[in-house]
Amino acid sequence: MPTAKLHITLPERVWVHELSTANPEVDFRVLAALPAEETGVGLLEISGPELPRVVGEMERHDDIVRLDLQQASEDAALIEFETTAPLLLFTVQESGMPLELPFTIRDGQATVEVTASRDRLSSFTTQLDAFGMSFDVEYVREMVDSESLLTDRQRELLSAAVERGYYDTPRECSLTELAEEAGVAKSTASETLHRVEEKIIKQYVEG
């Protein structure tokens, strides 16, 4: 199942785009989000300079129907809020894909990671387009089942090699010592580790 990292440009008419572009040094970190009937409720951590002014601008915005300041310090504030324009929530709701939290919005752009089937990812990007949100894809990576990548014996020898310091610099354990501990011939240990390294390196490069 693929994992994708996207940088999503939010529509200019949305409150968080207006606030974050007007205050490009401020991070809006969404910790929790829940869609309601016609609104969205969220928990937001704001960090950066001039927070009292930024919080005041947020509270006065037409898209914000409720704002409760939970905690505040000189450079961070925790806010529970309700908005009539939770566009990212609407996109994941329509595509049937869970939104991975937290994610950060800065200078009009949300950076999110999503893990889903290719069909759901395709549906998600279609919904982004439908709601007027452009995006750039930083990467799409296929999650690998480590259980199927290596055999039990290969995983055991690899774990022993890591634990004994065979891969440390400088090495804390020689191949001979590792083979003796594993109860195999030195040539068997060498061939097994070579096959493990080949699989892992090829998977990394292909990924």
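Reading the values: the criteria
Residues numbered from 1 in each chain as written. Predicted model: local features only at pLDDT ≥ 70, side-chain atom pairs only at ≥ 80, totals over all residues. Heavy atoms only, no water. Helix = DSSP H or I, 4+ residues; strand = E, 2+ residues; numbered from the N terminus. Rg over C-alpha atoms; globule rule 2.2 N^0.38 Å. Buried < 20%, exposed > 50% of the residue type's maximum accessible area, 1.4 Å probe, protein only. Contact = heavy atoms within 4.5 Å. Salt bridge = Lys/Arg side-chain N within 4 Å of Asp/Glu carboxyl O. 1 Å grid on protein atoms, 1.4 Å probe; cavity = no way out; pocket = protein on both sides within 12 Å on 5 of 7 lines; lining within 4 Å. Points joined across faces, edges and corners; volume = space filled by probe spheres on them. Nonpolar A, V, L, I, M, F, W, Y, C, P; charged D, E, K, R; others polar.

> Looking at this structure, I do not really get the overall build of the protein. What am I missing?
Broken down by element type, the protein carries eight helices and eight strands. The C-alpha radius of gyration computed for the protein amounts to 24 Å, which surpasses the reference 17 Å derived for 207 residues by more than 25%, pointing to a less compact arrangement than a globule. Considered along the principal axes of its C-alpha atoms, the protein spans approximately 75 × 40 × 25 Å. For the protein, the residues scored as buried account for 38% of the 207 residues in total. For the protein, long-range pairs separated by at least 24 residues make up 64% of all intrachain contacts whose partners lie at least 6 apart in sequence.

> Whenever I open this one, the pattern of salt bridges confuses me. Can you help?
Should the charged atoms of two oppositely charged side chains come close, the side chains can pair. Under the counting rule described, the total for this entry stands at 12 salt bridges. For the salt bridge of arginine 155 with aspartate 152, the shortest nitrogen-to-oxygen distance reads 2.3 Å. With a gap of three residues between them, arginine 155 and aspartate 152 both fall in helix α6 (residues 152-164), about one helical turn apart. Here aspartate 152 falls in the exposed class, since its relative accessible area comes to 52%. Each member of the salt-bridge network shares a partner with another, and the members are Arg66, Asp68, Glu80 and Glu82.

> Explain empty space enclosed by the protein here, please?
A water-sized probe, rolled over the atoms, reveals where empty space remains. For the structure on display, the rule yields one cavity of 30 Å³ or more. Around the largest cavity, the lining is made up of 22 residues, and of these Ala85, Pro86, Leu88, Phe103 and Ile105 lie nearest the centre. When contributions to the lining of the largest cavity are tallied by element, the ones reaching two or more residues are α1 (15-22), β2 (27-35), β3 (40-47), β5 (76-83), α3 (87-95) and β6 (103-106). In terms of residue count, the dominant contributor to the lining of the largest cavity is β3 (four residues). Of the residues contributing to the lining of the largest cavity, the split by class is 19 nonpolar, three polar and no charged.

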